[in-house]
Amino acid sequence: MKDLVGKLLERRVPQYLVVYIGVAWGIMQFTQLIVDVFLFSPHWTKVAIFATLMLWPAYVLVVYRHGRPGMDAWGLPEKIVIPANLAVAFGVLFFMFRTEDLGAATTSVTVADETGNVVEREVPKQEFRKRTVLFDFDADMLADDDVWLTGFVPDAVYVDMLGDDFLDPVGPNQFREKLQRYGYPNLRGVPLALKREIADDLHAGWIFSGKIGKAGPQYTATVNLHAAGDGGRVAEDSYVADDLFDLVDRISADLRKHLEIPKRDKVPDLPAREYFTSNEAALKPYGEARNLLLIENDYAAALPRLQQAVTADPTFTLAQHTLSNVLLLSNRRAEAVAPITAALANRYRLPERAQFVVRADYYGINGELDKVWDVVETWAELYPSDLLALQTLYSVQMVRNQRVEAIATLEKIYSINSGMADVLKQIAGLQSSLGNFEAARDALSRYVERFPDDYTGLSSLAGIELNMGELDTARRTLEKALLLEPTNTELMIRLAQLDHRVGNFAAAESGLKAALASAASPNARANAFGALHLYYRIQGQTTAALDALARRIDETAAFQAPIQVVGLRLNNLDVYFETGRLAEARAILDEYGAQLQVPSNTVALIGELQLALENRDIPTAQAKLAAVDSMIATYQIETFRNASLSAGARLAGLEGDWERAYALRQDYLKANPTDPLVHTGVAESLRELGRLDEAEKEIRLTLQRIPGSATAYVELARVLAARGDAAGSRAALERALAIWSLAEPDFQPAAEARALLAAAPESPR
C-alpha cells in the first residue's frame, strides 16, 4: 500500500485529480453560463456533467503514465484506453440524450396582429416550460377582515410570473369545483394528497402552496414547492415583509429560482405592484371581490367592491377588466364598455399574455368579433407553445363550429404536452360527432392505454359506442366504469339515460333519482336535475318536468354567472311548447330575453322563432329566422346553426315546401351525422314527398338507436298508414302510447297520438 501511495504521489496523481475536479467544475459552470446567457437547452449542463465523469478513466491513465517530471513515451495502453474511453463516452451520451432537444431553448416567431403590425417574439419550446398548479394559501392566524390575502397572494404571484412564458401556471379556477366537491368550499386546508391528485389530473409537474398571516403590520408567509409526481418537497421558504408586494416579489423570485426559469433580457421582471395598484384603498376590495366570484359565485356582492377598486384607482387594469366581465356576465353589456375601454388603455400594466385577453374582450364587448378571432389567432401564432393561447383558440374554433380545425389544435396541444391527455377525449368526441368513428376510437384508445383505471376514458368510449348505435356494448362499458366509481353522478346519469333510450323506463327513473342522491356539489345536482327534467319532459310528465327544471335552475345559480342562468331558462322552453303553455313561454321570453344584448340575445331570438312556429305564425317565423341567420353570419357564432337549420325545416314544412324541408334536414344530418333524432324529421319530409320506402327506412334508423322513442313510433305510424299498413300503424301508435302511459293530459304529442289511434281503422281480425 505504501508503495502504491508513493507511486501515486511520485506521479502526481492526487495533484492532477484536484486540477481535474477544478477544471470539470469550471466546465460545468461555463456551460451553465452559456445556457443561461444564450438560452441553449438546459440539457447541455447534464451533458457536461456526464462527459467529465465518463472521461475520468482516460485522464487518470494519462496522469499515472505521464505525471512524473520528464518526458514519457506514449505506449499501447494510452493508444487503446483513450480512444476506447472516448468512444464509450460518446456512445453513452448519445444514448442518454438522443431524444432530448439540445438546440436552443427558444424559437423565433413572427406574425401580423389584428391591426397589421408585424410582431416578433422569442418563445420557449414546450419541453422547457414548467407547468405548475397554484393553490390558494391557508390562513395563518388571519383576522376575518384579512382572509382575502389567502387568494390574492398566490394570484399576484401568478400574474407576476405570467410575463415569463417558461412558466405554465394553472390557477384554482380550473379545479375549484373538485375542491368544493371534496369538502373544501373555501379552497383552503387542502391536504397534499388531494393537491397531488389535482396536479395529476391537470398533468402538472409542480405544486405551489403555502400559508399567509399577519403579525401586527407585517406580513408573514411560508411557501412550499412540491414535485407533483411523488409529492416530495422541492423547497420551503419563509418570509416576513412590511410591504405586501415586496412579499410577492420575493416569493416570485424564489419560485423562479427553484423552477430554474432562466432570465431573459426582453422578458420584463417588473415589481408586482406594477401589475396591480399603488393605491391601498383599491387593493382590498379587489381581493375581496376575487373571493366572492371564485369561491361564492356572488356577482351581486362582488360588483360594488370592484367599482370601489376602480374608483380608487382608475388605472387598476385587472380590476377594470374583472369589472367589465362581471357586468357582461350580469347581463349589463352596455355598462361593461367603459371598464373594458379603461382596461385596454392601461393594458401596459399587464403581462403581454394577459393583454391578449383584454384586447379580445374589448373587441368582443364592442361587437367586433372578426377582431376577436384575429387577436386570438395572433396570440396562438406568436406563442405557439402557450397552452392558454391554444386552449383559447380551441374555444373560438368551437364557437365557429370549426371542428376539423379544433381537432388540429387539440392535437397540437397534445404534441406540445402529452401530459395533457384529457385532450384525447375531446379529440375523440369531435371525431365521433363528425362520424369518424375509427379516428375517435384511435384517439380514445391512446387515452385508455395510458389510464386504464380512469373512469372518464370509459365514459367517453361509451359515448362513442352510443353514437355508433352499439347500445349493448355501451352498457357494458358504462358498467365497467361504474366498478371504478360506483357512486359517480355522471356515470349513473349516463347509464340511466341508456335505460331510457332502450325503453327501460322504471330503471331509468330510479337510476336518475339515485344519481341525484349521490350528487355532492351544486354542479352535480344541476346535472342530475337536468337529466330528470329531460326524462320527465320526454315521457310527458309535465309537473315533474317543470319541478326538475326549476330545481336545476336554482342549483345552477350557485355556480354560474347570471347571464348563463338566463341562457338556461331560454334554452328550455320545449316543455312549455309541448304542453300548450305558450303564454308562459311568452312571459319568459319577455322577462329574460330583454336582459340579453347582442350577440347573446341570439338565444332569445331562437326562442321567439320557436314560439312563432308553435303559433304557426309564418310571417313572424320568417322574420325571426332571418334575424337568427343574420346574427350567425355577422358574429360567426356557428354554434346556433343547428337551431337555425331545424327551425328552417319546420318553417318550410308549414309553408308546404317539403323539398326545402328535406334539403335543410339533410344539411343538418351532414353536420350532425350521429344525431339519431334527425332521421325522424327526414322521414317526415320524405313521407310528405310521397317517398314512403325511404321514409320508413329513415324512421327505423331512429328506432334502432332509440328503441324507446315514442315520437319515432308516431312518425312510423304515419308512414305505415300512408303505405296502407293499418295494422302496423295501429301497433306503432299503441307502442307510442304505452311509452307515454304516464303522460299528463296537457302533453300534446301524446294527445295527438291518441287522436290518430282513435281515427285509425280497426285491424281486420
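Here, the structure is the one placed above.
Structural notes, computed from the coordinates. (Residues numbered from 1 in each chain as written. Predicted model: local features only at pLDDT ≥ 70, side-chain atom pairs only at ≥ 80, totals over all residues. Heavy atoms only, no water.)

1. Structural notes on the overall build of the protein
And then number 1: If you tally the helices and strands in the protein, you get 37 helices and eight strands.
And then number 2: Out of the 765 residues belonging to the protein, those deemed buried represent 51%.
And then number 3: In the protein, the proportion of contacts linking residues at least 24 apart, taken out of those at least 6 apart, comes to 59%. (Helix = DSSP H or I, 4+ residues; strand = E, 2+ residues; numbered from the N terminus. Buried < 20%, exposed > 50% of the residue type's maximum accessible area, 1.4 Å probe, protein only. Contact = heavy atoms within 4.5 Å.)

2. Considerations on the packing of helix H12 (residues 317–329) against helix H13 (residues 333–345)
And then number 1: Running from N to C, H12 and H13 cross one another at 165 degrees; their axes reach a closest spacing of 8 Å. The angle between H12 and H13 places the two elements in the roughly antiparallel class. As for the relative orientation of H12 and H13, their crossing is left-handed in sense. The segment H12 lies against H13, with Thr317, Gln320, His321, Leu323, Ser324, Leu327 and Leu328 engaging Arg333, Glu335, Ala336, Pro339, Ile340, Ala342 and Ala343. (Axes fitted to C-alpha atoms, helices over the stretch in contact; angles between N-to-C directions. Parallel < 35°, antiparallel > 145°, perpendicular 65-115°, else oblique. Left-handed = near helix turned anticlockwise from the far one by under 90°.)

3. Structural notes on unusual backbone geometry
And then number 1: A positive phi angle is found at Asn297, which is not glycine, with a value near 55 degrees.
And then number 2: Relative to the elements of secondary structure, Asn297 occurs in the loop between helix H10 (280–294) and helix H11 (299–312).
And then number 3: Phi at Gln636 is positive, roughly 55 degrees, even though this residue is not glycine.
And then number 4: Structurally, the position occupied by Gln636 is in the loop between helix H30 (618–635) and helix H31 (641–654).

4. Things to note about the pairing of strand E3 (residues 130–134)
And then number 1: Burial of E3 is extensive: five of the five residues sit out of reach of the surface.
And then number 2: Where burial is concerned, the two faces of E3 agree: the one with Lys130, Thr132 and Leu134 and the one with Arg131 and Val133 are both buried.
And then number 3: For E3 and strand E5 (residues 167–170), the ladder comprises four bridges, and the chain directions are parallel. Bridging from a neighbouring strand, Val133 pairs with Val170 of E5.
And then number 4: Sheet topology places E3 next to strand E6 (residues 206–215); three bridges connect them, and they run parallel. What sits directly across from Thr132, in E6, is Trp206. (Pairing = 2+ DSSP bridges.)

5. Some thoughts on the environment of Pro339
And then number 1: Secondary-structure assignment places Pro339 in helix H13.
And then number 2: Along the sequence, Pro339 and Val310 sit 29 residues apart, while their C-alpha atoms lie 8.5 Å from each other.
And then number 3: If sequence neighbours within four positions are ignored, Pro339 has contacts with Gln320, Leu323, Ser324 and Leu327.

6. Brief notes about the pattern of salt bridges
And then number 1: Applying the stated criterion across every chain, the model contains 35 salt bridges.
And then number 2: Between Asp155 and Arg290 there is a salt bridge; the shortest N-O distance is 2.7 Å. Placement of the pair is Asp155 in helix H6 (residues 149–162) and Arg290 in helix H10, with a sequence separation of 135 residues.
And then number 3: Given a relative accessible area of 24%, Asp155 falls into the partly exposed group.
And then number 4: Its relative accessible area of 10% is what places Arg290 among the buried residues.
And then number 5: As a salt-bridge pair, Glu197 and Lys178 come within 2.8 Å of each other at their nearest N and O atoms. Of this pair, Glu197 sits in helix H8 (residues 192–201) while Lys178 sits in helix H7 (residues 176–181), and the two are 19 residues apart along the sequence.
And then number 6: Residue Glu197 is classed as partly exposed on the basis of its relative accessible area of 34%.
And then number 7: Taking relative accessible area as the criterion, Lys178 reaches 14% and is therefore assigned buried. (Salt bridge = Lys/Arg side-chain N within 4 Å of Asp/Glu carboxyl O.)

7. Side note on the nonpolar core
And then number 1: One finds Phe152, Phe208, Leu244, Leu247, Phe276, Tyr286 and Leu570 to be the most contacted residues of the largest nonpolar core, which totals 180 residues.
And then number 2: Among all residues touching Leu244, those that are not within four sequence positions of it are Trp148, Leu149, Phe152, Val153, Tyr219 and Leu283. (Core = buried A, V, L, I, M, F, W, Y, C linked by side-chain atoms within 4.5 Å.)

8. What to know about the packing of aromatic side chains
And then number 1: Tallying each qualifying case throughout the model produces 13 aromatic pairs.
And then number 2: Aromatic pair Tyr362 and Tyr363: ring centres 5.5 Å apart, planes at 70 degrees, arrangement edge-to-face.
And then number 3: Look at Tyr363 and you get buried, because its relative accessible area is 11%.
And then number 4: Among the aromatic residues, those joined into a ring-pair cluster are Trp148, Phe152, Phe245, Phe276, Tyr286 and Phe316.
And then number 5: A cation sits over an aromatic face here: Lys195 above Phe135, 5.6 Å from the ring centre.
And then number 6: In this structure, Arg691 packs its charged tip against the face of Tyr662, placed 4.9 Å from the ring centre. (Phe/Tyr/Trp six-rings, centres within 6.5 Å; stacked < 30°, edge-to-face > 60°. Lys NZ or Arg CZ within 6 Å of the ring centre and 35° of its normal.)

9. Remarks on helix H26 (residues 562–570)
And then number 1: Those residues of H26 not exposed but buried are Ile563, Val565, Val566, Gly567, Leu568 and Leu570.
And then number 2: Contact partners of the buried residues in H26: H12, helix H25 (542–556), helix H28 (582–593) and helix H29 (602–614).

10. With respect to the packing of helix H15 (residues 369–382) against helix H16 (residues 387–399)
And then number 1: It is the contact of H15 with H16, at a shortest axis distance of 8 Å, that shows an interaxial angle of 145 degrees. The element H15 and its partner H16 pack so that their crossing is left-handed. Contact residues: H15 offers Trp373, Val376, Glu377, Trp379 and Ala380, while H16 offers Leu388, Ala389, Leu390, Thr392, Leu393, Val396 and Val399.
And then number 2: Split by residue class, the contact of H15 with H16 holds ten nonpolar, one polar and one charged. (Nonpolar A, V, L, I, M, F, W, Y, C, P; charged D, E, K, R; others polar.)

11. Some words on the environment of Ile706
And then number 1: If you trace the backbone, Ile706 turns up in the loop between helix H34 (692–705) and helix H35 (710–722).
And then number 2: Looking at Ile706, the relative accessible area reads 12%, which means it is buried.

12. Re the pairing of strand E7 (residues 218–227)
And then number 1: Burial runs high along E7: seven of the ten residues are buried.
And then number 2: For E6 and E7, the ladder comprises ten bridges, and the chain directions are antiparallel. Pairing of Phe208 across the sheet is with Leu225, part of E7.
And then number 3: Looking at chain direction, E7 and strand E8 (residues 233–241) are connected through eight bridges and run antiparallel. Along E8, the bridge assignment pairs Ala221 with Tyr239.
And then number 4: Counting the residues between successive antiparallel strands, the hairpin from E7 to E8 contains five residues, one of them, Gly231, with a positive phi of roughly 80 degrees.

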